[in-house]
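Each chain, letter by letter, is given below.
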Amino acid sequence: MKALTQGRYIGRDGEAALFDVGLGNTIAVRILEGDIGRVTLKPQDGYRLDRGWSIAPGGLEPSYEGRPRDDLSGFANPTASITEGEGRVVLSVGGLSAEITLEPFGIAWRREGEEAPFLRDRPTQAYLTSPRTGAVAHYMARDYHERHYGLGDKAGPLDRTGRRFAIDAVDPCGFDAELSDPLYKMLPFFIVDGPQGAHGVFYDNLATGSVDLGCTLDNYHGLFRSWRGDDGDLDYYVLAGPTVPAVTRRFSWLTGGQAFAPRWSFGFGVTSMAIADAPDADARISDFIGKCETHRIPCDSFHFGSGYTQIGHRRYAFNWNRDKFPDPAATMARLKQAGLQPVANLKPCLLDDHPRLQEALDQDILVKDGKTGEPAVAQFWDGLGFHIDFTNPAGRAWWRNGIETALLDYGFSTVWNDNNEYEIWDEDALCHGDGRPFRQALARPAHALLMTKLSYEAQAAREPGKRQYSVTRGGGAGIARYSQTWSGDNETAWKTLRYNLTQGLNMSLSGLFSIGHDVGGFHGPTPGPELFVRFNEFCALWPRMVMNSWNDDGVVNLPWMYPQVIPQVRESIGLRYRLMPYLYTQMWRASRDNEPAVRPLFYDFPDDPAVRSIDDAFMLGPDILVAPVLEEGATQREVSLPSHPGGWYDWHGGQYYPGGGVVSVEAPLGRLPVFVRAGAIIPVGDAERLSPVRELLAFGADKDARGELYEDDGETTGWRDGSGLLRSFSLKDGVLSVRSEGQYRPGLDTIPVRNMGKAQP
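Starting from 1, residues in each chain are numbered consecutively following that chain's sequence as written. A pLDDT threshold of at least 70 governs which residues receive local features in this predicted model, and a stricter bar of 80 or more applies before side-chain atom pairs are shown or counted, although totals over entire chains, interfaces and linings include all residues. Processing note: side-chain calculations cover all non-hydrogen atoms of the structure and skip hydrogens and water entirely.

**Considering unusual backbone geometry**
Reasoning step 1: A cis amide bond, omega -5°, links E103 with the succeeding residue P104.
Reasoning step 2: Runs of H or I in DSSP of at least four residues are treated as helices and runs of E of at least two as strands, each being numbered from the N terminus. Positionally, P104 belongs in the loop between strand 10 (96–102) and strand 11 (105–111).
Reasoning step 3: A cis amide bond links D181 with the next residue in sequence, P182, at an omega value of 5°.
Reasoning step 4: One can find P182 in the loop between strand 16 (164–167) and strand 17 (185–186).
Reasoning step 5: Residue L23 is not a glycine yet carries a positive backbone phi of 55°.
Reasoning step 6: Relative to the helices and strands, L23 is located in the loop between strand 3 (16–22) and strand 4 (25–33).
Reasoning step 7: Not every positive phi belongs to a glycine, and L151 is a case in point at roughly 70°.

In structure tokens, the structure reads:
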């Protein structure tokens, strides 16, 4: 690679400062908002890929063709002040400034009133590019005391410092949640938190690459971190913070936010490959419906594994196996009558003997080998296949027709976009690009994003005015605009609990707010009774709770798989439904305010240094602390409670604990340790989902307590326009005050209040 160390200020380009950095490259530095900067390198022959799909400021939706890289719409683009000095240029707007040193070329970013930069380039060779391969790299100085978060669904501890991660995507079935890399999503965004506060950096590049957060040490350069793209463009956004919550909220805003799904999508759901793969699949689904009722297990959705598409042992998108499902519409109707929404697994690869392959070939809708003109061959389940090109209008039309006629017409409620990592390793693979072809290696995760967008819009067109629920496993920044996602095909192991927790927290900090984990573990040995119950507890209070499995011995994870622990499983699922009004309110906040429902403890308690390193518990919204049992054989749990005036209350028994210390609580099988912040009012519902009852639980309320409850019809799209109802509660000196905003009128006019513990002196 060639280092770009010499800069020459060319002048203004609108509100940007433009620099010649050699080898025909220019770098534009601009400030898009008072807290967002951007740096873009442009080669003399133009961008490697002149568009993207991730950037959607404030929800400004890009077209299927992509957002032009030079498009500045959706940003405030304030008037910039540019001053020149001896070997330096300073660009400033409001509270943010970028000081550009010309030799060696580098940028230092400062917030107003702060002398030290919060982000600065490495003073030695900060920018590198390869005219031969198209690779690009960016190196930043690193402080020893900084911590790093983000990067989406990556394995390992909460703090990413000292590790190097691949920006890549594969299908790592049964992955090790501590060590495996890469996983499913390509998301080159990280948060840095340290002595200068917090900031974020996002690279709008969809090629493979890597992020090094201090793994590499090199005596010639001092401490540094870096991003490298194997190809594509160096185009990065600086989010000035200065706190972790501010960075997360701004990144969510930058990439379009989180879709607010219908209420049923936050209920408990079940899927298993083994059920849909079985010869008597339809009968097994009927048995499932019956057992939910028998065992009093509330359930809102049944997710069909891809076995419904089988011919023999191979799977074919949009095909129905009529031996297993003689009447698919009747199956869907039976599920819906039982209160379960059916969800269809769908994979974007057509195997080489797919019944409709010739049709796809005739319409030329597959990703091609750019040299031969033939479809690019990829390894897939059960054999070789070819991927649909979602950058081709004809491919999108063909796929949408399949969704409508093979899935929605039969009664499926939504699409689960699966196995969409686009592992096409042909270096000559070429995408249609809506008439402007580009190499597939430049934008693999764009296909997953467009696939999900397409399923979301097909469903929305079928049911105008209703909120849609889509699921995707693969993708990059921006997929939250359409869908829920999850941590993928986790391993059935005890350590999966611990590291799925940190994986999920980093996904949440990365703008993926509607997330969860496969209950029971997806792949590996069948979980024993203890691990199975602890998995149910662990997953009970994430936004997504779906039991999904493909165990080595073919045993299906189901709530009643161990009769001796059915009560404990029911207790975990019941806790979810009991807290559904609170969870639903937090997910509304996530979509409206870009505020993650699940977050690490330091998110809400930044001034308590003791919680910075806690990665075995999480906050659900601002008021509930969840501390799942993560160790085999444990019947107690030690929990570090953040320092908080008024302390904390145990959810189950109401026992008071002061904040700022470590407590030990009983945690028998079936009891998830949960604590409520003193002064919180928590809205709750019916644990068995049998009635619309609402109740307010006030913790430590004889002095002062506050809370809120958002309600609507659970399915329509007017939640942004006041068609819902937000009730804010304040309890002071035993008197409850309620402030209501919105048009929705629930069936219950009054909500009882119950005091769960007195405030402590």
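**Regarding the sheet that holds strand 46 (residues 648–650)**
Reasoning step 1: In this description, strands pair whenever DSSP reports at least two bridges between them. The strand order 42-43-44-49-46-47 describes an open sheet built from 6 strands, whose pairing is antiparallel. The sheet is open, and its two edges are formed by strand 42 (598–599) and strand 47 (656–657), each paired on a single side.
Reasoning step 2: Bridging between strand 46 and strand 47 involves 2 bridges; their strand directions are antiparallel. By the bridge assignment for strand 47, W648 is matched with Y657.

**Side note on empty space enclosed by the protein**
Reasoning step 1: Cavity: a set of points on a 1 Å grid over the protein atoms alone where a 1.4 Å probe fits but cannot get out. Pocket: an open set with protein on both sides within 12 Å along at least five of seven lines, its lining residues, like those of a cavity, having an atom within 4 Å of a point. Grid points are joined across faces, edges and corners, and a volume is the space filled by probe spheres set on the points. Within the structure shown, the criterion is met by 8 cavities of 30 Å³ or more.
Reasoning step 2: Here the largest cavity is characterised by a volume of approximately 100 Å³.
Reasoning step 3: Residue lining of the largest cavity: 13 residues in total, with T309, R315, Y316, A317 and K347 positioned closest to the centre.
Reasoning step 4: Elements represented by at least two residues in the lining of the largest cavity include exactly strand 27 (341–346) and strand 28 (349–351).

**Some points on a nonpolar patch on the surface**
Reasoning step 1: There is a patch of nonpolar side chains on the surface, built from Y144, L217 and L223 and spanning about 370 Å² of accessible area.
Reasoning step 2: Looking at the secondary structure, you find Y144 in the loop between strand 14 (136–141) and strand 15 (147–150). Patches here are clusters of residues that have more than 30% relative accessible area and form no salt bridge, with a 9 Å joining cutoff for like charges and a 5 Å cutoff for nonpolar side chains (Val, Leu, Ile, Met, Phe, Trp, Tyr). Reported accessibility uses the Shrake-Rupley method at a 1.4 Å probe radius. Residues are deemed covered only where the shown protein chains occlude them. A carboxyl oxygen of Asp or Glu within 4 Å of a side-chain nitrogen of Lys or Arg is what we treat as a salt bridge.

**A short note on the nonpolar core**
Reasoning step 1: Core analysis: the biggest nonpolar cluster contains 168 residues, and W399, L625, W651 and I682 have the highest contact counts within it.
Reasoning step 2: Contacts are assigned to residue pairs with any non-hydrogen atoms lying within 4.5 Å of each other. Contact partners of L625, with chain neighbours within four places excluded, come to L601, A617, F618, M619, V639, S640, L641, P642, W648, P673, V674 and F675.
Reasoning step 3: Think of a nonpolar core as a cluster: buried Ala, Val, Leu, Ile, Met, Phe, Trp, Tyr and Cys residues, connected wherever their side-chain atoms sit within 4.5 Å. Under the scheme applied here, a residue whose accessible area is under 20% of the maximum for its type counts as buried, over 50% as exposed, and between as partly exposed, the area being computed with a 1.4 Å probe on protein chains only. A98, W109, A126 and A169 belong to the second largest nonpolar core, which has 44 residues in total.

**Notes on helix 7 (residues 444–462)**
Reasoning step 1: Expected helix span is taken as 1.5 Å per residue step, with the number of steps being one fewer than the number of residues. Here helix 7 is 19 residues long and its end C-alpha atoms lie 29 Å apart, about the 27 Å a rise of 1.5 Å per residue gives.
Reasoning step 2: Counted residue by residue, helix 7 has 14 buried out of 19 residues, so it is predominantly covered.

**Focus: the pattern of salt bridges**
Any two side chains of opposite charge can pair, so long as their charged atoms come close to each other.
Reasoning step 1: Under the criterion given, the structure shown has 64 salt bridges.
Reasoning step 2: Salt-bridge contacts for R12 lead to E15; the nearest nitrogen and oxygen are separated by 2.9 Å.
Reasoning step 3: Its relative accessible area of 27% is what places E15 among the partly exposed residues.
Reasoning step 4: R727 is the salt-bridge partner of E711, the closest N and O atoms lying 2.4 Å from each other.

**Regarding the UniProt feature "domain: Glycoside hydrolase family 31 TIM barrel" (unreviewed entry) in the protein chain**
Reasoning step 1: Residues given the UniProt feature "domain: Glycoside hydrolase family 31 TIM barrel" (unreviewed entry) here are residues 259–586.
Reasoning step 2: Taken end to end, residues 259–586 is 36% helix and 18% strand, and its two terminal C-alpha atoms sit 13 Å from one another. UniProt positions are given in the numbering used here, feature names are shortened, and annotations may be inferred rather than shown by experiment.

**Structural notes on helix 4 (residues 328–337)**
Reasoning step 1: Considered for burial, the residues of helix 4 that qualify are P328, T331, M332 and L335. End-on, the buried residues of helix 4 take up no more than an arc of 95°, which puts them together on one face.
Reasoning step 2: In this fold, the buried residues of helix 4 make contact with helix 3 (281–294), strand 24 (301–304) and strand 27.
Reasoning step 3: Once helix 4 finishes, G339 follows within two positions and takes phi at roughly 85°, a positive value. The arc in question is formed by the directions pointing from the helix axis toward the C-beta atoms.

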